[in-house]
Amino acid sequence: MLVTYEWFEVLVWTALGLSTLAPLVLLVLALIDWKKEQLW
Amino acid sequence: MNAVVLSTEWAIAIVIVFGVLWVAFGWWLGRNNRTLDDFMLAGRNVGFAFASATAMATWITSNTTLLAPQLTYELGVWGMLGYSMAALGLILFAPLAKRIKALMPHGYTCGDFIRRRYGRVAWYVFLIVALAYSFGWLVSLGMGGGILISTLSGLDYRVGMSAILFICVCYTLLGGLKAVIATDFVQTIIILIGVILIAYVGISKLGLEEIHTAVEAKSPQLLNLLFPAALMFLFNNIFFGIGEIFHSNVWWSRAFAFKDKIGKKAFLLAGVLWLPIPIVTGFIALAAPALGLYPASSDMVGPLIAAKILGGVGAFFVFIVVFSAMASSLDSLLAATSDLITKDIYGGIINKNADKEKLLKVSKVSIVILGVITWALCFPRIDTLAAILMITGAFVASTIWPIVFGLYFRRLNGTVAALAMAGGSAVGLTLYFQVGYYVSALSSCVVSLFVCLIGLMAYDEKFDWKRLQ
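The residue numbers shown here count from 1 along each chain, following its written sequence. All chains are assigned letters beginning with A, and all ligands numbers beginning with 1, in the order in which they are written. Residues qualify for local features only when their pLDDT is at least 70, as the model is predicted, and side-chain atom pairs are given and counted only at 80 or more; totals for whole chains, interfaces and linings, by contrast, use all residues. In computing side-chain properties, one takes all heavy atoms of the structure into account and sets aside hydrogens as well as water.

### Details of the interface of chain B and chain A
Facing 44 residues of chain B, the contacting portion of chain A comprises 26 residues. Throughout, the accessible surface (probe 1.4 Å) given up by two parts as they are put together, summed over both, is called the buried area. Both sides of the chain B and chain A interface together cover about 3200 Å² of buried area, and 82% of this is carbon and sulfur. Interface area lost by chain B to chain A is led by Tyr 200, Leu 208 and His 212 of chain B, which between them contribute 16%. Between Lys or Arg on one side and Asp or Glu on the other, a salt bridge is scored when a side-chain nitrogen of the former is within 4 Å of a carboxyl oxygen of the latter. Taken together, the connections running from chain B to chain A amount to zero salt bridges. Polar contact criterion, stated in full: a pair of N or O atoms within 3.5 Å, where within protein one must be able to donate a hydrogen and the other to accept it, and residues adjacent in sequence count only if both atoms are side-chain atoms. One can count ten residue pairs in polar contact (both at pLDDT 80 or more) joining chain B with chain A. Each helix corresponds to a stretch of at least 4 residues labelled H or I by DSSP, and each strand to a stretch of at least 2 residues labelled E; elements are numbered beginning at the N terminus. The set of elements that each furnish at least two residues to the side of chain B that touches chain A consists of helix H3 (48–59), helix H5 (77–84), helix H9 (157–206), helix H10 (208–218), helix H13 (263–274) and helix H14 (277–282) of chain B. Ranked by residues supplied to the side of chain B that touches chain A, first place goes to H9 of chain B with eleven residues. Only heavy atoms enter the contact rule, under which two residues are in contact if any of them lie within 4.5 Å.

Structure (C-alpha coordinates):
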(Lines give C-alpha, C1' and ligand atoms only; values in the text may rest on other atoms or scores of the structure.)
Protein backbone atom coordinates (compact mmCIF):
# COMPACT_ATOMS: atom_id res chain seq x y z
CA MET A 1 0.00 0.00 0.00
CA LEU A 2 1.94 2.99 -1.30
CA VAL A 3 1.38 6.65 -0.46
CA THR A 4 -0.06 8.26 -3.58
CA TYR A 5 1.27 11.52 -4.94
CA GLU A 6 -1.90 13.36 -3.87
CA TRP A 7 -1.47 12.34 -0.22
CA PHE A 8 2.26 12.99 -0.34
CA GLU A 9 1.55 16.50 -1.62
CA VAL A 10 -1.06 17.14 1.09
CA LEU A 11 1.34 15.92 3.78
CA VAL A 12 4.31 18.03 2.69
CA TRP A 13 2.37 21.24 2.01
CA THR A 14 0.42 21.00 5.27
CA ALA A 15 3.65 20.54 7.22
CA LEU A 16 5.30 23.39 5.35
CA GLY A 17 2.33 25.70 5.88
CA LEU A 18 2.21 25.02 9.62
CA SER A 19 5.97 25.47 9.91
CA THR A 20 5.76 28.80 8.13
CA LEU A 21 3.26 29.99 10.73
CA ALA A 22 5.45 28.97 13.65
CA PRO A 23 8.04 31.80 13.60
CA LEU A 24 5.28 34.36 13.06
CA VAL A 25 3.34 33.08 16.06
CA LEU A 26 6.44 33.15 18.26
CA LEU A 27 7.40 36.67 17.18
CA VAL A 28 3.88 38.01 17.79
CA LEU A 29 3.78 36.37 21.24
CA ALA A 30 7.16 37.87 22.08
CA LEU A 31 5.97 41.32 21.01
CA ILE A 32 2.88 40.98 23.21
CA ASP A 33 4.97 39.83 26.20
CA TRP A 34 7.46 42.61 25.59
CA LYS A 35 4.72 45.27 25.48
CA LYS A 36 3.23 43.93 28.71
CA GLU A 37 6.75 43.71 30.20
CA GLN A 38 6.21 39.99 30.81
CA LEU A 39 9.11 38.49 28.89
CA TRP A 40 10.71 37.47 32.19
CA MET B 1 31.68 11.16 -2.79
CA ASN B 2 33.11 14.61 -2.14
CA ALA B 3 30.56 16.23 0.19
CA VAL B 4 32.45 19.44 0.84
CA VAL B 5 30.32 22.31 -0.43
CA LEU B 6 31.24 25.16 1.88
CA SER B 7 34.76 26.50 2.02
CA THR B 8 36.62 25.88 5.24
CA GLU B 9 37.10 29.64 5.63
CA TRP B 10 33.33 30.23 5.48
CA ALA B 11 32.66 27.48 8.03
CA ILE B 12 35.21 28.94 10.44
CA ALA B 13 33.77 32.42 9.93
CA ILE B 14 30.21 31.25 10.72
CA VAL B 15 31.35 29.39 13.82
CA ILE B 16 33.32 32.40 15.07
CA VAL B 17 30.59 34.98 14.33
CA PHE B 18 27.80 32.93 15.92
CA GLY B 19 30.08 31.86 18.76
CA VAL B 20 30.96 35.46 19.64
CA LEU B 21 27.30 36.52 19.35
CA TRP B 22 25.98 33.73 21.60
CA VAL B 23 28.70 34.19 24.21
CA ALA B 24 28.24 37.99 24.32
CA PHE B 25 24.46 37.55 24.53
CA GLY B 26 24.90 35.01 27.33
CA TRP B 27 27.15 37.35 29.28
CA TRP B 28 24.71 40.26 28.83
CA LEU B 29 21.73 38.19 29.99
CA GLY B 30 23.56 36.73 32.93
CA ARG B 31 25.08 39.96 34.23
CA ASN B 32 22.30 40.35 36.84
CA ASN B 33 22.21 36.73 37.97
CA ARG B 34 22.76 36.76 41.72
CA THR B 35 21.09 33.72 43.23
CA LEU B 36 20.87 30.01 42.58
CA ASP B 37 17.28 30.50 41.36
CA ASP B 38 18.44 33.18 38.90
CA PHE B 39 21.17 30.96 37.49
CA MET B 40 19.44 27.58 37.50
CA LEU B 41 15.83 28.61 36.87
CA ALA B 42 15.93 32.09 35.28
CA GLY B 43 14.32 33.55 38.41
CA ARG B 44 11.27 31.22 37.97
CA ASN B 45 9.66 33.97 35.93
CA VAL B 46 9.80 33.03 32.23
CA GLY B 47 6.92 34.44 30.11
CA PHE B 48 4.76 32.66 27.52
CA ALA B 49 6.70 33.57 24.33
CA PHE B 50 10.12 32.59 25.67
CA ALA B 51 8.63 29.53 27.37
CA SER B 52 7.06 28.26 24.13
CA ALA B 53 10.16 29.02 22.06
CA THR B 54 12.57 27.34 24.46
CA ALA B 55 10.42 24.19 24.66
CA MET B 56 10.29 24.10 20.89
CA ALA B 57 13.95 24.95 20.27
CA THR B 58 15.24 22.42 22.76
CA TRP B 59 13.20 19.72 21.05
CA ILE B 60 14.53 20.78 17.62
CA THR B 61 17.95 19.25 17.92
CA SER B 62 20.61 18.17 15.51
CA ASN B 63 18.63 14.94 15.58
CA THR B 64 15.60 16.71 14.10
CA THR B 65 17.66 18.26 11.37
CA LEU B 66 20.00 15.31 10.70
CA LEU B 67 18.17 12.24 12.03
CA ALA B 68 14.73 13.01 10.55
CA PRO B 69 16.15 13.00 6.98
CA GLN B 70 18.21 9.91 7.84
CA LEU B 71 15.14 8.03 9.07
CA THR B 72 13.13 9.16 6.06
CA TYR B 73 15.96 7.97 3.82
CA GLU B 74 15.96 4.57 5.56
CA LEU B 75 12.29 4.07 6.54
CA GLY B 76 10.46 6.33 4.11
CA VAL B 77 7.26 8.22 4.88
CA TRP B 78 6.86 6.52 8.26
CA GLY B 79 10.37 7.68 9.18
CA MET B 80 9.39 11.35 9.09
CA LEU B 81 5.88 10.76 10.43
CA GLY B 82 7.28 8.62 13.23
CA TYR B 83 9.79 11.29 14.13
CA SER B 84 7.12 13.98 14.15
CA MET B 85 5.17 11.89 16.69
CA ALA B 86 7.86 12.88 19.19
CA ALA B 87 5.77 16.07 19.48
CA LEU B 88 3.39 14.00 21.59
CA GLY B 89 6.02 14.11 24.32
CA LEU B 90 5.74 17.91 24.50
CA ILE B 91 1.95 17.89 24.25
CA LEU B 92 1.48 15.24 26.95
CA PHE B 93 4.00 16.94 29.21
CA ALA B 94 1.83 20.08 29.24
CA PRO B 95 -0.56 18.93 32.01
CA LEU B 96 2.38 17.39 33.87
CA ALA B 97 4.20 20.74 33.85
CA LYS B 98 1.20 22.34 35.53
CA ARG B 99 1.03 19.54 38.10
CA ILE B 100 4.79 19.73 38.78
CA LYS B 101 4.67 23.48 39.40
CA ALA B 102 1.65 23.06 41.70
CA LEU B 103 3.14 20.18 43.69
CA MET B 104 6.68 21.56 43.89
CA PRO B 105 6.60 25.37 43.61
CA HIS B 106 10.13 25.54 45.08
CA GLY B 107 11.55 22.45 43.36
CA TYR B 108 14.76 22.44 41.33
CA THR B 109 15.14 19.10 39.57
CA CYS B 110 13.28 15.95 38.58
CA GLY B 111 15.64 14.15 40.96
CA ASP B 112 14.12 16.20 43.81
CA PHE B 113 10.74 14.77 42.91
CA ILE B 114 11.86 11.14 42.66
CA ARG B 115 13.78 11.33 45.97
CA ARG B 116 10.93 12.88 47.91
CA ARG B 117 8.22 10.82 46.25
CA TYR B 118 9.89 7.39 46.13
CA GLY B 119 12.90 7.48 48.47
CA ARG B 120 16.60 6.91 47.87
CA VAL B 121 16.67 3.50 46.11
CA ALA B 122 14.38 4.62 43.29
CA TRP B 123 16.28 7.93 43.22
CA TYR B 124 19.62 6.14 42.63
CA VAL B 125 18.13 4.07 39.79
CA PHE B 126 16.56 7.21 38.33
CA LEU B 127 19.85 9.13 38.50
CA ILE B 128 21.61 6.35 36.57
CA VAL B 129 18.88 6.44 33.91
CA ALA B 130 18.85 10.24 33.75
CA LEU B 131 22.62 10.56 33.51
CA ALA B 132 22.92 7.76 30.92
CA TYR B 133 20.37 9.59 28.79
CA SER B 134 21.98 12.99 29.30
CA PHE B 135 25.39 11.73 28.21
CA GLY B 136 23.87 9.81 25.27
CA TRP B 137 22.18 13.01 24.10
CA LEU B 138 25.18 15.21 24.82
CA VAL B 139 27.45 12.88 22.84
CA SER B 140 25.00 12.69 19.94
CA LEU B 141 24.84 16.51 19.87
CA GLY B 142 28.58 17.00 20.12
CA MET B 143 29.19 14.41 17.43
CA GLY B 144 26.49 15.98 15.27
CA GLY B 145 28.36 19.27 15.39
CA GLY B 146 31.65 17.71 14.37
CA ILE B 147 30.08 15.59 11.62
CA LEU B 148 28.19 18.55 10.17
CA ILE B 149 31.21 20.80 10.00
CA SER B 150 33.51 18.16 8.58
CA THR B 151 30.99 16.99 5.97
CA LEU B 152 30.02 20.42 4.76
CA SER B 153 33.35 22.22 4.97
CA GLY B 154 36.12 19.66 5.20
CA LEU B 155 37.20 21.05 8.57
CA ASP B 156 38.45 18.29 10.88
CA TYR B 157 35.64 16.58 12.85
CA ARG B 158 37.42 17.12 16.15
CA VAL B 159 37.93 20.84 15.55
CA GLY B 160 34.24 21.45 14.75
CA MET B 161 33.01 19.34 17.66
CA SER B 162 35.36 21.13 20.06
CA ALA B 163 34.30 24.58 18.80
CA ILE B 164 30.57 23.95 19.26
CA LEU B 165 31.04 22.48 22.72
CA PHE B 166 33.30 25.35 23.77
CA ILE B 167 30.82 28.02 22.63
CA CYS B 168 27.84 26.36 24.39
CA VAL B 169 29.77 25.81 27.61
CA CYS B 170 30.88 29.48 27.60
CA TYR B 171 27.47 31.11 27.23
CA THR B 172 25.68 28.63 29.52
CA LEU B 173 28.33 29.33 32.13
CA LEU B 174 28.00 33.09 31.77
CA GLY B 175 24.23 33.39 31.61
CA GLY B 176 22.71 30.27 33.16
CA LEU B 177 19.17 29.25 32.17
CA LYS B 178 18.26 32.83 31.24
CA ALA B 179 20.92 32.80 28.51
CA VAL B 180 19.85 29.34 27.42
CA ILE B 181 16.20 30.39 27.06
CA ALA B 182 16.84 33.73 25.34
CA THR B 183 19.28 32.21 22.84
CA ASP B 184 16.75 29.44 22.29
CA PHE B 185 14.23 32.03 21.15
CA VAL B 186 16.61 33.53 18.59
CA GLN B 187 17.80 30.09 17.52
CA THR B 188 14.21 28.88 17.02
CA ILE B 189 13.50 31.71 14.62
CA ILE B 190 16.75 31.07 12.71
CA ILE B 191 16.10 27.32 12.53
CA LEU B 192 12.51 27.73 11.35
CA ILE B 193 13.35 30.30 8.68
CA GLY B 194 16.25 28.12 7.50
CA VAL B 195 14.35 24.85 7.19
CA ILE B 196 11.37 26.55 5.56
CA LEU B 197 13.59 28.28 2.98
CA ILE B 198 15.43 25.06 2.19
CA ALA B 199 12.15 23.18 1.76
CA TYR B 200 10.52 25.84 -0.47
CA VAL B 201 13.57 26.18 -2.70
CA GLY B 202 13.98 22.39 -2.81
CA ILE B 203 10.40 21.91 -3.97
CA SER B 204 10.63 24.68 -6.56
CA LYS B 205 13.88 23.30 -7.99
CA LEU B 206 13.09 19.57 -7.96
CA GLY B 207 9.30 19.41 -7.89
CA LEU B 208 7.30 17.31 -5.43
CA GLU B 209 5.86 15.16 -8.21
CA GLU B 210 9.35 14.37 -9.57
CA ILE B 211 10.52 13.39 -6.08
CA HIS B 212 7.52 11.11 -5.60
CA THR B 213 7.89 9.54 -9.05
CA ALA B 214 11.60 8.81 -8.52
CA VAL B 215 11.00 7.23 -5.11
CA GLU B 216 8.13 5.14 -6.47
CA ALA B 217 10.35 3.87 -9.30
CA LYS B 218 13.63 3.32 -7.43
CA SER B 219 12.72 2.75 -3.75
CA PRO B 220 8.96 2.04 -3.53
CA GLN B 221 9.29 0.55 -0.02
CA LEU B 222 9.88 4.10 1.23
CA LEU B 223 6.29 4.96 0.32
CA ASN B 224 4.89 1.71 1.74
CA LEU B 225 2.43 2.32 4.57
CA LEU B 226 2.84 -1.28 5.71
CA PHE B 227 6.67 -1.22 5.96
CA PRO B 228 7.04 -3.41 9.13
CA ALA B 229 10.27 -1.94 10.55
CA ALA B 230 8.92 1.57 9.94
CA LEU B 231 5.69 0.81 11.78
CA MET B 232 7.64 -0.53 14.74
CA PHE B 233 9.74 2.62 14.62
CA LEU B 234 6.60 4.79 14.70
CA PHE B 235 5.34 3.29 17.96
CA ASN B 236 8.82 3.01 19.42
CA ASN B 237 9.49 6.66 18.75
CA ILE B 238 6.25 7.78 20.39
CA PHE B 239 7.25 6.12 23.66
CA PHE B 240 10.87 7.18 23.26
CA GLY B 241 9.86 10.82 22.85
CA ILE B 242 7.47 10.69 25.79
CA GLY B 243 10.09 9.02 27.97
CA GLU B 244 12.76 11.53 26.96
CA ILE B 245 10.61 14.47 27.99
CA PHE B 246 8.84 13.03 31.03
CA HIS B 247 12.01 12.03 32.84
CA SER B 248 14.53 14.64 31.74
CA ASN B 249 15.55 17.55 33.87
CA VAL B 250 15.75 19.64 30.71
CA TRP B 251 11.94 19.77 30.77
CA TRP B 252 11.42 19.68 34.52
CA SER B 253 13.73 22.67 34.98
CA ARG B 254 11.57 24.53 32.47
CA ALA B 255 8.39 23.55 34.33
CA PHE B 256 9.97 25.05 37.47
CA ALA B 257 11.28 28.12 35.61
CA PHE B 258 8.10 29.18 33.78
CA LYS B 259 5.75 31.68 35.42
CA ASP B 260 2.66 30.33 37.15
CA LYS B 261 -0.05 29.17 34.72
CA ILE B 262 2.36 29.36 31.76
CA GLY B 263 3.77 25.82 31.65
CA LYS B 264 0.72 23.99 30.34
CA LYS B 265 -0.08 26.30 27.44
CA ALA B 266 3.60 26.82 26.54
CA PHE B 267 4.26 23.09 26.20
CA LEU B 268 1.02 22.61 24.27
CA LEU B 269 1.87 25.36 21.79
CA ALA B 270 5.46 24.14 21.45
CA GLY B 271 4.22 20.62 20.68
CA VAL B 272 1.76 21.76 18.03
CA LEU B 273 4.35 24.02 16.37
CA TRP B 274 7.03 21.30 16.53
CA LEU B 275 4.85 18.55 15.00
CA PRO B 276 5.41 19.43 11.31
CA ILE B 277 9.15 20.20 11.58
CA PRO B 278 10.48 16.62 11.10
CA ILE B 279 8.31 16.31 7.98
CA VAL B 280 9.74 19.54 6.59
CA THR B 281 13.33 18.49 7.36
CA GLY B 282 12.71 14.84 6.48
CA PHE B 283 10.86 14.82 3.17
CA ILE B 284 13.85 16.30 1.39
CA ALA B 285 15.69 13.00 1.95
CA LEU B 286 13.24 11.34 -0.44
CA ALA B 287 14.91 13.37 -3.18
CA ALA B 288 18.00 11.14 -2.89
CA PRO B 289 16.86 8.65 -5.58
CA ALA B 290 15.90 11.51 -7.93
CA LEU B 291 19.33 13.04 -7.48
CA GLY B 292 21.18 9.74 -7.60
CA LEU B 293 22.68 10.46 -4.17
CA TYR B 294 23.73 7.51 -2.04
CA PRO B 295 25.71 8.91 0.89
CA ALA B 296 28.20 6.65 2.65
CA SER B 297 26.94 7.81 6.03
CA SER B 298 23.16 8.12 6.03
CA ASP B 299 23.08 10.66 8.86
CA MET B 300 24.40 13.24 6.40
CA VAL B 301 21.73 12.68 3.77
CA GLY B 302 19.74 15.83 4.67
CA PRO B 303 22.59 18.34 4.50
CA LEU B 304 24.03 16.67 1.38
CA ILE B 305 20.75 16.88 -0.51
CA ALA B 306 20.14 20.48 0.56
CA ALA B 307 23.66 21.38 -0.49
CA LYS B 308 23.29 19.52 -3.80
CA ILE B 309 19.99 21.26 -4.63
CA LEU B 310 20.89 24.72 -3.40
CA GLY B 311 24.66 24.76 -3.89
CA GLY B 312 26.81 26.98 -1.69
CA VAL B 313 23.82 29.02 -0.45
CA GLY B 314 22.08 25.80 0.63
CA ALA B 315 25.16 24.62 2.46
CA PHE B 316 25.39 28.01 4.17
CA PHE B 317 21.78 27.78 5.39
CA VAL B 318 22.09 24.13 6.42
CA PHE B 319 25.20 24.96 8.36
CA ILE B 320 23.54 27.79 10.27
CA VAL B 321 20.33 25.82 10.89
CA VAL B 322 22.05 22.72 12.24
CA PHE B 323 24.55 24.79 14.20
CA SER B 324 21.66 26.67 15.88
CA ALA B 325 19.68 23.48 16.43
CA MET B 326 22.62 21.85 18.13
CA ALA B 327 23.42 24.86 20.25
CA SER B 328 19.78 25.23 21.36
CA SER B 329 19.75 21.68 22.71
CA LEU B 330 23.33 21.43 23.89
CA ASP B 331 23.04 24.51 26.12
CA SER B 332 19.76 23.25 27.62
CA LEU B 333 21.22 19.85 28.30
CA LEU B 334 24.40 21.28 29.83
CA ALA B 335 22.35 23.49 32.16
CA ALA B 336 19.83 20.80 33.12
CA THR B 337 22.43 18.07 33.68
CA SER B 338 24.54 20.45 35.70
CA ASP B 339 21.45 21.16 37.88
CA LEU B 340 21.05 17.42 38.42
CA ILE B 341 24.70 17.01 39.37
CA THR B 342 24.62 20.08 41.62
CA LYS B 343 21.35 19.50 43.46
CA ASP B 344 21.13 15.72 43.45
CA ILE B 345 24.66 14.37 43.40
CA TYR B 346 26.54 17.16 45.19
CA GLY B 347 23.76 18.57 47.40
CA GLY B 348 22.03 15.22 47.94
CA ILE B 349 24.97 12.84 48.36
CA ILE B 350 28.38 14.54 48.64
CA ASN B 351 27.64 17.62 50.76
CA LYS B 352 24.14 17.64 52.20
CA ASN B 353 24.80 20.82 54.18
CA ALA B 354 25.85 22.91 51.18
CA ASP B 355 24.17 26.34 51.12
CA LYS B 356 22.79 27.96 47.96
CA GLU B 357 25.92 30.05 47.44
CA LYS B 358 28.06 26.92 47.44
CA LEU B 359 25.61 25.18 45.10
CA LEU B 360 25.80 28.11 42.68
CA LYS B 361 29.58 27.68 42.47
CA VAL B 362 29.26 23.91 42.06
CA SER B 363 26.70 24.43 39.31
CA LYS B 364 29.15 26.51 37.29
CA VAL B 365 32.02 24.08 37.84
CA SER B 366 29.85 21.15 36.81
CA ILE B 367 28.96 22.86 33.50
CA VAL B 368 32.67 22.99 32.69
CA ILE B 369 33.27 19.40 33.80
CA LEU B 370 30.30 18.20 31.75
CA GLY B 371 31.68 19.99 28.71
CA VAL B 372 35.08 18.31 29.14
CA ILE B 373 33.58 14.83 29.64
CA THR B 374 31.33 15.25 26.59
CA TRP B 375 34.31 16.40 24.55
CA ALA B 376 36.31 13.32 25.61
CA LEU B 377 33.42 10.97 24.74
CA CYS B 378 32.88 12.64 21.37
CA PHE B 379 36.56 12.61 20.43
CA PRO B 380 36.50 9.13 18.87
CA ARG B 381 33.57 9.16 16.44
CA ILE B 382 32.10 5.88 17.58
CA ASP B 383 28.76 5.30 15.87
CA THR B 384 26.02 6.87 13.82
CA LEU B 385 23.77 9.50 15.42
CA ALA B 386 20.80 7.16 15.38
CA ALA B 387 22.56 4.38 17.27
CA ILE B 388 23.83 6.75 19.95
CA LEU B 389 20.41 8.26 20.48
CA MET B 390 18.31 5.13 20.20
CA ILE B 391 20.24 3.17 22.82
CA THR B 392 19.07 5.68 25.42
CA GLY B 393 15.45 4.88 24.51
CA ALA B 394 15.64 1.71 26.58
CA PHE B 395 16.43 3.77 29.67
CA VAL B 396 14.09 6.69 29.33
CA ALA B 397 10.93 4.82 28.38
CA SER B 398 11.17 2.89 31.66
CA THR B 399 10.60 6.11 33.61
CA ILE B 400 7.31 7.16 31.98
CA TRP B 401 4.95 5.25 34.28
CA PRO B 402 6.79 5.79 37.58
CA ILE B 403 6.67 9.53 36.83
CA VAL B 404 3.04 9.66 35.70
CA PHE B 405 1.76 7.44 38.51
CA GLY B 406 4.01 9.24 40.96
CA LEU B 407 2.58 12.63 40.03
CA TYR B 408 -1.08 11.63 40.09
CA PHE B 409 -1.52 8.56 42.33
CA ARG B 410 -0.53 8.15 45.95
CA ARG B 411 -0.52 4.33 45.85
CA LEU B 412 2.72 3.54 43.99
CA ASN B 413 5.66 2.96 46.32
CA GLY B 414 9.41 3.47 45.85
CA THR B 415 10.46 -0.18 45.59
CA VAL B 416 8.01 -0.80 42.76
CA ALA B 417 9.10 2.39 40.97
CA ALA B 418 12.76 1.33 41.22
CA LEU B 419 11.94 -2.17 39.94
CA ALA B 420 9.89 -0.74 37.07
CA MET B 421 12.76 1.51 35.94
CA ALA B 422 15.48 -1.14 36.36
CA GLY B 423 13.41 -3.94 34.79
CA GLY B 424 12.22 -1.82 31.88
CA SER B 425 15.74 -0.61 31.12
CA ALA B 426 17.19 -4.14 31.28
CA VAL B 427 14.59 -5.61 28.91
CA GLY B 428 14.77 -2.60 26.57
CA LEU B 429 18.57 -2.84 26.37
CA THR B 430 18.46 -6.60 25.76
CA LEU B 431 15.98 -6.22 22.92
CA TYR B 432 17.99 -3.30 21.50
CA PHE B 433 20.89 -5.70 20.92
CA GLN B 434 18.86 -8.83 20.17
CA VAL B 435 16.20 -7.36 17.85
CA GLY B 436 16.92 -3.72 16.96
CA TYR B 437 16.69 -0.10 18.04
CA TYR B 438 13.07 0.14 16.93
CA VAL B 439 11.77 -2.03 19.78
CA SER B 440 13.90 -0.95 22.75
CA ALA B 441 11.79 1.97 24.04
CA LEU B 442 8.51 0.19 23.35
CA SER B 443 9.51 -2.95 25.26
CA SER B 444 11.03 -0.94 28.12
CA CYS B 445 7.83 1.06 28.49
CA VAL B 446 5.61 -2.04 28.44
CA VAL B 447 7.68 -3.87 31.09
CA SER B 448 7.75 -0.77 33.30
CA LEU B 449 3.96 -0.41 32.99
CA PHE B 450 3.45 -4.07 33.86
CA VAL B 451 5.60 -3.75 37.01
CA CYS B 452 3.83 -0.54 38.04
CA LEU B 453 0.37 -2.08 37.58
CA ILE B 454 1.32 -5.09 39.72
CA GLY B 455 2.68 -2.66 42.33
CA LEU B 456 -0.52 -0.61 42.30
CA MET B 457 -2.58 -3.77 42.86
CA ALA B 458 -0.30 -5.20 45.53
CA TYR B 459 0.37 -2.09 47.65
CA ASP B 460 -1.68 0.83 48.88
CA GLU B 461 0.79 3.45 50.04
CA LYS B 462 -0.89 6.70 51.02
CA PHE B 463 1.75 9.21 50.02
CA ASP B 464 1.36 12.67 51.54
CA TRP B 465 1.67 15.25 48.72
CA LYS B 466 2.86 17.86 51.23
CA ARG B 467 6.18 16.01 51.40
CA LEU B 468 6.92 17.38 47.91
CA GLN B 469 6.57 21.04 48.92
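### Re the packing of helix H6 (residues 87–103) of chain B against H13 of chain B
All names here are of chain B. Put simply, H6 and H13 touch, their axes get as near as 7 Å, and they point 175° apart. When the axes of H6 and H13 are compared, the pair comes out roughly antiparallel. The segment H6 lies against H13, with Ala 87, Leu 90, Ile 91, Phe 93, Ala 94, Pro 95, Ala 97 and Lys 98 engaging Gly 263, Lys 264, Phe 267, Leu 268, Ala 270, Gly 271, Val 272 and Trp 274. Structural elements are reduced to axes, namely lines fitted to C-alpha atoms, with helices fitted over the stretch in contact, and the angle between N-to-C directions of any two is expressed from 0 to 180 degrees. Roughly parallel covers angles under 35 degrees, roughly antiparallel covers those over 145, roughly perpendicular covers 65 to 115, and oblique covers all other angles.

### Focus on the pattern of salt bridges
All names here are of chain B. According to the stated counting rule, one finds five salt bridges over all chains in the structure shown. A salt bridge links Arg 254 to Asp 184, with the shortest nitrogen-to-oxygen separation between them at 3.4 Å. Here Arg 254, found in helix H12 (residues 249–257), pairs with Asp 184, found in helix H9; they are 70 residues apart in sequence, far enough to count as distant. A single burial state applies to Arg 254 and to Asp 184, both of which are buried. Residues Arg 411 and Asp 460 are paired through a salt bridge, measuring 3.5 Å at the closest nitrogen-oxygen approach. Placement of the pair is Arg 411 in the loop between helix H20 (400–408) and helix H21 (414–434) and Asp 460 in the segment after helix H22 (437–458), with a sequence separation of 49 residues. What you see here is one network of salt bridges that share partners, running through Arg 411, Asp 460 and Lys 462. Burial classification: accessible surface area is computed with a 1.4 Å probe over protein chains only, and a residue below 20% of its type maximum counts as buried, one above 50% as exposed, and the rest as partly exposed.

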